[in-house]
Amino acid sequence: DAGVTQSPTHLIKTRGQQVTLRCSPKSGHDTVSWYQQALGQGPQFIFQYYEEEERQRGNFPDRFSGHQFPNYSSELNVNALLLGDSALYLCASSSRRAWGYTFGSGTRLTVV
Amino acid sequence: GDSVTQMEGPVTLSEEAFLTINCTYTATGYPSLFWYVQYPGEGLQLLLKATKADDKGSNKGFEATYRKETTSFHLEKGSVQVSDSAVYFCALSDSSYKLIFGSGTRLLVRP
C-alpha cells in the first residue's frame, strides 16, 4: 500500500519564478494538507484541501495557492518566488473517517 | 494563538541512557497532543499521541503523558539506541484541521 507520494524530490528555481509541487495521498485518504518546513524549524501549516476546496489556510500570502483534483491528489503553487521560500514542503493526507495524518517525504525547494 | 515550545537541541546521549525531551503548549481549548519523529531525508512519522488529560501515549519504548495542570507533554525513553537518532517534534491539534508544531529537538545517540 503506497503512502503519500510527492514530486519532485528536489527543485532549484530562480527568484521571481513560479513552481508547482505535486502530492498523491495515501490510498483511502481524501484530505490533503501542505506544510512548509524551513531549515531547522518545525513545519508550518499552509492550507488544507477537502472535496476540491480549500478548507483552512495558515498565515501564508496569496502567492501560495493550491488545488485538489477529483482523485484527491493535490498541487501546491508558489508564484513570484522569494529566497525565503526555500524550504522542505511536506504533504500530509488524512481521511475524514478516521484521525491520522500520513506525511510524504517532501519536496526540497531551493530558490537562488 | 495556540503554540508549542520544546527544548532546544541537540541532545547528545550515550546508548542505553535515559531520554527526556521537554514540551509545553499553549492552547485555548483542549487539544490533542503528538510526538512526531523525522529521520534524515524523510518525512514525519507519528510516534505517539494523547487526546485528553492524563492519557499516556506510548510506542517503541517512548512514552509521554498529557499533563493539563502543567500544560506539558514530555517525551521519555528509558534506554535509547543509536537508531533513535533523529529530530523529534512535539505538536498539537485543536478543533481546527491543522497541526501546530514545535521547532524540533535533534537527538544524537553515540555508541
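In this text, all values refer to a predicted model and were calculated from it rather than measured experimentally. In this convention, every chain numbers its residues from 1, walking through the sequence in written order. Whichever chain is written first becomes A and whichever ligand is written first becomes 1, with later ones labelled in order. Local features in this predicted model are restricted to residues of pLDDT 70 or higher, and side-chain atom pairs are both shown and tallied only at a pLDDT of 80 or more, whereas totals for entire chains, interfaces and linings draw on every residue. Note that the side-chain values use all heavy atoms of the structure and ignore hydrogens as well as water.

Quick word on the overall build of chain A
Right, on to step 1. In terms of helices and strands, chain A carries 0 helices and 11 strands.
Right, on to step 2. For the purposes of this entry, the term helix denotes a DSSP run of H or I that reaches at least four residues, the term strand denotes a run of E that reaches at least two, and both are numbered from the N terminus. Listed by position from the N terminus, the elements making up chain A come as β-β-β-β-β-β-β-β-β-β-β.
Right, on to step 3. Throughout, the radius of gyration refers to the C-alpha atoms, and the reference size of a globule is 2.2 Å times the residue count to the power 0.38. Relative to a compact globule of 112 residues, whose C-alpha radius of gyration would be 13 Å, chain A shows 13 Å and is just as compact.
Right, on to step 4. With the C-alpha coordinates of chain A rotated into their principal frame, the extents come out at 40 × 25 × 25 Å.
Right, on to step 5. By definition in these notes, contact holds between two residues if any of their heavy atoms fall within 4.5 Å. Of the contacts formed within chain A by residues at least 6 apart in sequence, a portion of 53% connects residues at least 24 apart.
Right, on to step 6. Counted as positive: Lys and Arg. Counted as negative: Asp and Glu. His and the chain ends are not counted at all. To locate a charge, the coordinates of NZ of Lys, CZ of Arg, CG of Asp or CD of Glu are taken. In chain A, 10 side chains carry a positive charge and 9 a negative one; their mean positions are 7 Å apart.

Concerning the sheet that holds strand β7 (residues 56-59) of chain B
Residues and elements named next belong to chain B.
Right, on to step 1. DSSP calls a pair of strands paired once it identifies at least 2 bridges connecting them. The strand order β3-β9-β8-β7 describes an open sheet built from 4 strands, whose pairing is antiparallel. Either end of the sheet is taken by a strand with one partner, and the two such strands are β3 (19-21) and β7. Direction aside, the axes of adjacent strands within the sheet are offset by 15 degrees on average. Working convention: axes come from line fits to C-alpha atoms, limited for helices to the stretch in contact. Angles between N-to-C directions cover 0 to 180 degrees.

Quick notes on the side chain of Q56 of chain A
Right, on to step 1. Here Q56 of chain A is to be found in strand β6 (residues 53-57).
Right, on to step 2. Beyond its immediate chain neighbours, meaning those up to four positions away, Q56 of chain A contacts F45, F47 and Q48 of chain A together with S96, Y97 and K98 of chain B.

Comments concerning the interface of chain A and chain B
Interfaces are often sized by the amount of accessible area the parts lose when they come together.
Right, on to step 1. Across the contact, 17 residues belong to chain A and 17 residues belong to chain B.
Right, on to step 2. Summed over both sides, the interface between chain A and chain B buries roughly 1400 Å², with carbon and sulfur atoms accounting for 58% of that surface.
Right, on to step 3. Here a salt bridge means any side-chain nitrogen of Lys or Arg lying within 4 Å of a carboxyl oxygen belonging to Asp or Glu. The interface formed by chain A and chain B holds 0 salt bridges in total.
Right, on to step 4. Polar contact is the term for a pair of N or O atoms within 3.5 Å; when the atoms are in protein, one must be able to donate a hydrogen and the other to accept it, and sequence-neighboring residues count only if both atoms are side-chain atoms. Here chain A is connected to chain B by 2 residue pairs in polar contact (both at pLDDT 80 or more).
Right, on to step 5. For the side of chain A that touches chain B, the element with the most residues is strand β10 (residues 98-103) of chain A, which contributes 3 residues.
Right, on to step 6. In this count, Pro and Cys sit with the nonpolar residues alongside Ala, Val, Leu, Ile, Met, Phe, Trp and Tyr, while Asp, Glu, Lys and Arg are called charged and the others, Gly among them, polar. Tallied by class, the residues present in the side of chain A that touches chain B amount to 8 nonpolar, 8 polar and 1 charged. Computed with a 1.4 Å rolling probe, the buried area is the accessible surface lost when two parts are put together, summed over both parts.

Considerations on the environment of T5 of chain A
All names here are of chain A.
Right, on to step 1. Tracing the sequence through the fold places T5 in strand β1 (residues 5-7).
Right, on to step 2. The rule is simple: take the accessible area with a 1.4 Å probe, protein chains only, and divide by the maximum for that residue type; under 20% is buried, over 50% is exposed, in between is partly exposed. In this structure T5 comes out as partly exposed when scored by relative accessible area, which is 44%.
Right, on to step 3. Here the alpha-carbon distance between T5 and C23, two residues 18 residues apart in the chain, equals 5.7 Å.
Right, on to step 4. Non-local contacts of T5, meaning those with residues more than four positions away in its chain, are made with R22, C23 and S24.

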